[in-house]
Amino acid sequence: MRLVTLGCARNEVDSEELAARLEAGGWTLTDGDGADVVVVNTCGFIQAAKQESIDELLTAADSGATVVAAGCMAERYGSGLAEAMPEAQVLSFDDYANIAERLDAVHAGARWQAHEPRDRRKLLPISPARRPGAGSSHVPGHSVPASAPDLPAGDSGGSSPLAYQPRVLRRRLGGGIVAPLKIASGCDRRCSFCAIPAFRGAFISRPPADLLAEAGWLAGHGARELVLVSENSTSYGKDLGDLRLLESLLPSLATVPGIDRVRVSYLQPAEVRPGLIEVMTSTPKVAPYFDLSFQHASGTVLRAMRRFGDGERFRGLIEQIRKLAPGAGIRSNFIVGFPGETGADVAELEKFLIDARLDAIGVFGYSDEDGTEAATLPGQIPESEIADRVSALSSLADELMDQRAAERVGEEHDVLIEEPVPGEPGWVYTGRTAHQAPEVDGSTQVRSDHRLEAGELVRVRVSGSEGVDLMAELVTGRRGPLAGSLESLG
């Protein structure tokens, strides 16, 4: 069988749980064509992602395979998706625990009864403090086999600071030196444009012991950088009785042998505390990288979005970060064309972008999402006008990101080497600095006077920039922390 993953890094973690469960149930995974069963882990976030999921399901059906839809779009639409796409069997998150049995049944010709969509926020108590251990619903990416005893740390495929650790229910699919680590699922915020909490559920954290165990396992399977993912990382620990738990988790993860960089994603500006900024800017191996979900800079638009802040508050937050770490990486995404957005609101956003000097900027046009408050708001903006605003803001963003990259010429950074650059004379490699997250940000091309290995952490001096990408030279005789002890992955 073949497993196709669409969408975000959180879905990647979910797919690796599915892969582990399927292999334990006797299924063999293949990457090539010709699979008799194809499971598509769909994305249900925005219309473009949903269309990609539909196209992938139809392509799989055209191959003659038995097609199974899992993931966010399958969870969100359930029986409605099954009716609209009889080519695919539709599974819920609650089917994940028995995924091998489900596939056995559908492969034998059974038609699985798709679930009726429901608001998964209602499956857990309203009070975060009552959520740990509550409910019988499955939360993807949070599982350890209930029947398996904890093992000595060395038996799980990697080392860990813990003497004993839970079994890790995960099979790496992509390999490589970077791995996502899901620290929580769900969201308690009520942004008026977002449907994710309804199908992902209320916020629930994973226990630190599970995360340390999985980090050790990932290190033992080739990971050198951990990217912490969730719907809202700044809420981590609130349901475990400690609003500052992320501040203690980060230094603990940074001590896991073999891990050389820990990066946090999905930070809510309203929940970023001074203590968290201090930990993220001062802890060795924790990247001073701030993935801040601003979404806009106009206070009026943000209130309509049911979000915190405005341009002035966001500038103050950026100032706090750069006071402690002038070179910290900061990125954010912005929605334009939200109902009621005026030309003055767009101008306010433009000014904020110019002032903020962000390393990475994503600009997205607003689109209605089923079941959201924003879809019912007055002042809907024509699609053609939204497209014009996206185009103008994207051009400005490209120019500003290019300028920010150029400002880094002459700086020294630690670069995590990923792979050689083909066709280049001499030793030239692609890698990333602490301010460059995988896939979403730029990269750094390193020229060296000797061979480097994937996973090696080296010290470089930035010599030039091209768009958001940097060019750098190896600082002779200097390497990043622990680089000399890293095991070769090349």
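Quick caveat, the model's predicted, so the values are computed rather than measured.

Time to look at the overall build of the protein chain. Along its length, the protein chain carries 13 helices and 19 strands. Compactness check: the protein chain gives a C-alpha radius of gyration of 23 Å against a globular reference of 23 Å for 490 residues, within 12% of the reference. Counting only C-alpha atoms and orienting by the principal axes, one finds that the protein chain spans roughly 65 × 60 × 50 Å. Per-residue burial over the protein chain gives 54% buried out of 490 residues.

Glancing now at unusual backbone geometry. The phi torsion at tyrosine 266 lies on the positive side, around 65 degrees, for a residue other than glycine. Residue position: tyrosine 266 is located in the loop between β11 (261–264) and α9 (274–282). Backbone geometry at arginine 357 places phi at a positive 55 degrees, although glycine is not the residue there. Structurally, arginine 357 is set in the loop between α12 (343–356) and β14 (360–365).

Relative to each other, helix α8 (residues 245–254) and α9 sit at 10 degrees, their axes nearing to 9 Å. As summarised for this structure, α8 and α9 are arranged roughly parallel, according to the angle between their axes. The residues of α9 that touch α8, namely those facing Leu246, Glu247, Leu250 and Pro251, are Gly275, Leu276, Val279 and Met280. The residue makeup of the contact of α8 with α9, split by class, is 6 nonpolar, 1 polar and 1 charged.

Right, let's talk about the environment of serine 463 for a bit. By the secondary structure assignment, serine 463 is in strand β18 (residues 457–466). Setting aside its immediate chain neighbours within four residues, serine 463 contacts Val409, Met471, Ala472 and Glu473.

Within the element layout of this structure, arginine 404 appears in helix α13 (residues 383–407). Separated by 374 residues in the primary sequence, arginine 404 and threonine 30 place their C-alpha atoms 42 Å from one another. When sequence neighbours within four positions are dropped, the list of residues in contact with arginine 404 reads Arg322, Pro326, Ala328, Arg357, Leu358 and Asp359.

With that out of the way, let us pick up the sheet that holds strand β2 (residues 37–42). Spatial ordering of the open sheet is given by β1-β2-β3-β4, a layout of 4 strands whose pairing is parallel. Each edge of the sheet is formed by a strand with only one pairing partner; in this case those strands are β1 (2–5) and β4 (88–90). This sheet shows a mean twist of 25 degrees between the axes of neighbouring strands, independent of strand direction. Of the strand pairs in this sheet, β2 and strand β3 (residues 66–70) are connected by 5 bridges, and their pairing is parallel. Note that in β3 the partner of asparagine 41 across the bridge is alanine 70. Sheet strands touched by helix α1 (residues 9–24): β1 and β2. Its angle to β1, the strand with the most contacts, is close to 165 degrees. Across the sheet, helix α5 (residues 99–107) is in contact with β2, β3 and β4; its angle to β3 comes to roughly 145 degrees.

Attention shifts here to the side chain of serine 79. Inspection of the secondary structure puts serine 79 in helix α4 (residues 79–84). Of the residues examined, serine 79 reaches a relative accessible area of 18% and is grouped as buried. Setting aside its immediate chain neighbours within four residues, serine 79 contacts Ala114, His115, Glu116 and Pro117.

Another point: the confidence of the model for the protein chain. Scored by pLDDT, the protein chain has a mean of 89; 91% of the residues are at 70 or more. Overall, residues 481–490 carries pLDDT values under 50, and its contacts beyond four positions in sequence, including any with other chains, amount to 21 contacts.

Pairing between the strands of a sheet is mediated by backbone hydrogen bonds and can be parallel or antiparallel. Strand order across the open sheet formed by 3 strands is β7-β10-β11, with parallel pairing between neighbours. The open sheet has two edge strands with one neighbour each: β7 (178–182) and β11. Neighbouring strand axes in the sheet, compared pairwise and without regard to direction, differ in orientation by 25 degrees on average. In this sheet, β11 lies alongside strand β10 (residues 225–229) in parallel orientation, the contact comprising 4 bridges. Bridge pairing links glutamate 225 to arginine 261 in β11.

What counts and what doesn't
Residues numbered from 1 in each chain as written. Predicted model: local features only at pLDDT ≥ 70, side-chain atom pairs only at ≥ 80, totals over all residues. Heavy atoms only, no water. Helix = DSSP H or I, 4+ residues; strand = E, 2+ residues; numbered from the N terminus. Rg over C-alpha atoms; globule rule 2.2 N^0.38 Å. Buried < 20%, exposed > 50% of the residue type's maximum accessible area, 1.4 Å probe, protein only. Axes fitted to C-alpha atoms, helices over the stretch in contact; angles between N-to-C directions. Parallel < 35°, antiparallel > 145°, perpendicular 65-115°, else oblique. Contact = heavy atoms within 4.5 Å. Nonpolar A, V, L, I, M, F, W, Y, C, P; charged D, E, K, R; others polar. Pairing = 2+ DSSP bridges. pLDDT = per-residue confidence, 0-100.

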